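# Structural overview
Take a look at the letters that make up each chain.
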Amino acid sequence: MGDFNLALVIVAIVVCVLVCIFNVYLLVNYQHPDDKNQAYFPKFVVVLGLSIAAISILMLPADVANRQACRHAIYNGACNLTLPMKDLWLAVYILDAILVFFVIPFAIGRGMKTDGTQFLILIGASDVENRKLMRAELIRLVGKVDFTVRHLSSATASFPSSWDFSSSQQCIGGSGVHQCSAYSASPSSETTWTMRATFPEYVVALATIAGSVLFSIFGGVGIACLPLGLIFSFIRRPKAVITRSQYIKEATELGKKARELKKAADALHQEERSGSKGRKWRKNMKAVEKELLLLEEDVNALEEMYPQGEKAETAWAMTILGYLAKLVLGVLGLIVSVAWVAHIVIYLLIDPPFSPFLNEVFIKLDDLWGLLGTAAFAFFCFYLLLAVVAGAMMLGLRLVFITIHPMKWGATLMNSFLFNVGLILLCSISVIQFCSTAFAYYAQATAAQEIFSHTLQSLRGIKYLYKYNVFQIAFIVLAGLTFVYYAAFGWRRKKPSGRFQLSS
């Protein structure tokens, strides 16, 4: 079978099946009771989207393993690869773009009172000819790849009867030859080789740019707030069970807050029925949604501080264990976050890189056990996706113009599911590009590196964003600001909000 690795094919099939089963499990356990036994199309989109996102992350370790078939070949083209990874990458990311920009908005529109289908038909059918011309012009101007190349040449020499290479004798030739002629080419031999990018590669590039903007913002915030949120949650934990009188007092205040929110929600529904849904209405609606989420958190915190029923002591013990688990996970997450930030600085922002850092760690783990480095590599990539979701959640709670879509066990509405799946899919492309660049030493000569590190970073009009590390710098700056914010304010207990009123 030559270089064909049957075990890799079997592992790839088994992993894909397990990913789909796990995502079905997540859907069943996270969905809201109101969505049971209905909304089958959005549920299919959720499972498909989560599966595509997870598989795309796992494809990079698979790409590395696929290249192992060429480890004994003189050059990569001299062997037969097990999997056609470049074709698989393009297929997965075109499907990713279709889900993000077409299928998920359509599914969200079906789940809302407004007709999302008509909206999509409107934007898809209006001014078709102008859209075609604009797209063709964009591809003509920007859809080219500029590679900087250098012309190299060397003189010919007679085939020697013996080989004598050393640090001082690097080439075939007589005594006194210390360097090949091709190595001493003048700087003027550099030129630009322009070629047109294929349409699939161009689609992947544009989707990567869109995802990189969100990834830099949400990922930079989330890489800090994900572990620190867990740690400070432990610091702000309830230290003891409150008395019954305290419980009644707090429950009464929460009841008043609930009535205020119900009154505000009724007023907004009345405005909606009257057709006055302007900017003020949308702002008030988002404010009510966030206040409802905070109210639910207050209710859960109150139930933790005053467990009731026959198993009250057991419930309190489980609460303590839960906060201890948050502390442990927070500390481990903080180590991973610091490792990520340090790796970005010393390997990506410093030129030349100060150290391969995590690349060497993965290689040494592979030496210990074949799959250990691959597993660690996949974990670091998945951690970035978790950071994106955590960052979107944090900013959604604090910024009015960002709609919050919380994921709750047994209480996640389908539209929130679809929104988060769309966010994960859009950012997963950028995570892969980010990881293929950050771990270029470990993932060298892979199909992903060919697409993201060669074609994407040489695409006309886009390459400067990567040449000057715009997204990496934004990521580090936002991560630093979030660290400072949590160090200054994260340890404080949340003060109860005052009377809630709609903005006039």
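Predicted model, so just to flag it, every value in this text is computed and none were measured.

## Some points on the overall build of the chain
- Across its full length, the chain holds 15 helices and two strands.
- In the chain, buried positions account for 39% of the 504 residues.
- Approximately 28,700 Å² of the chain is accessible, and the part contributed by carbon and sulfur atoms is 64%.

## Digging into helix H15 (residues 470-490)
- With 21 residues, H15 extends 28 Å from end C-alpha to end C-alpha; this agrees with the ideal 30 Å at 1.5 Å per step.
- Buried within H15 we find Phe471, Gln472, Phe475, Ile476, Ala479, Thr482, Tyr486 and Gly490. Along the axis of H15, the buried residues cluster in a sector spanning 135 degrees; they form a single face. In H15, the exposed residues that point more than 90 degrees away from the buried face are Leu481 and Val484.

## Quick word on the UniProt feature "transmembrane region" (unreviewed entry) in the chain
- According to UniProt, the feature "transmembrane region" (unreviewed entry) maps to residues 7-28, 40-62, 88-108, 202-235, 327-350, 370-397, 417-443 and 470-489 in the numbering used here.
- Segment residues 417-443 splits into 81% helix and 0% strand. End C-alpha atoms: 32 Å apart.
- The span residues 470-489 shows a helical share of 100% and a strand share of 0%, and its end C-alpha atoms are spaced 28 Å apart.

## Section: the packing of aromatic side chains
- Taken as a whole, this structure holds 20 aromatic pairs when the rule is applied.
- Both rings, one in Phe377 and one in Tyr442, keep their centres 5.4 Å apart while their planes meet at 50 degrees; by these two values the pair is tilted. Highlighted residues: Phe377 in helix H11 (residues 372-398) and Tyr442 in the loop between helix H12 (414-438) and helix H13 (447-455), separated in sequence by 65 residues. The two residues Phe377 and Tyr442 agree in class, both being buried.
- Within the aromatic cluster, the residues linked to one another by ring pairs are Phe215, Trp340, Phe362, Phe377, Phe379, Phe380, Tyr383, Phe434, Phe439, Tyr442 and Phe475.
- In this structure, Lys43 is placed above the aromatic ring of Tyr40, and the distance from its NZ or CZ to the ring centre is 5.6 Å.
- The side chain of Arg237 reaches across the aromatic face of Phe234, ending 4.0 Å from its centre.

## Let's talk about the side chain of Ser56
- Inspection of the secondary structure assignment puts Ser56 in helix H2 (residues 40-67).
- According to the relative accessible area criterion, Ser56 is buried, its value standing at 0%.
- Setting aside residues no more than four positions away along its own chain, Ser56 makes contact with Trp89, Val92, Tyr93, Ser428 and Ile432.

## Things to note about the pattern of salt bridges
- One pass over the structure, following the stated rule, counts two salt bridges.
- Glu291 serves as the salt-bridge partner of Lys257, at 3.1 Å between the closest nitrogen and oxygen. With Lys257 in helix H7 (residues 244-274) and Glu291 in helix H8 (residues 279-305), this residue pair connects regions lying 34 residues apart in the sequence.
- On the basis of relative accessible area, Glu291 is assigned to the buried category, the value being 17%.
- Between Asp266 and Lys262 there is a salt bridge; the shortest N-O distance is 3.2 Å. Taken together, the residues span about one helical turn, with Asp266 and Lys262 both in helix H7 at a distance of four residues.
- Among the residues examined, Asp266 registers a relative accessible area of 37% and is labelled partly exposed.
- What makes Lys262 exposed here is its relative accessible area of 53%.

Criteria and cut-off values
- Residues numbered from 1 in each chain as written.
- Predicted model: local features only at pLDDT ≥ 70, side-chain atom pairs only at ≥ 80, totals over all residues.
- Heavy atoms only, no water.
- Helix = DSSP H or I, 4+ residues; strand = E, 2+ residues; numbered from the N terminus.
- Buried < 20%, exposed > 50% of the residue type's maximum accessible area, 1.4 Å probe, protein only.
- Areas by Shrake-Rupley, 256 points an atom, 1.4 Å probe, with all protein chains shown as cover.
- Expected span 1.5 Å × (residues − 1).
- Arc of directions from axis to C-beta.
- UniProt positions renumbered as here; feature names shortened; annotations may be inferred.
- Phe/Tyr/Trp six-rings, centres within 6.5 Å; stacked < 30°, edge-to-face > 60°.
- Lys NZ or Arg CZ within 6 Å of the ring centre and 35° of its normal.
- Contact = heavy atoms within 4.5 Å.
- Salt bridge = Lys/Arg side-chain N within 4 Å of Asp/Glu carboxyl O.

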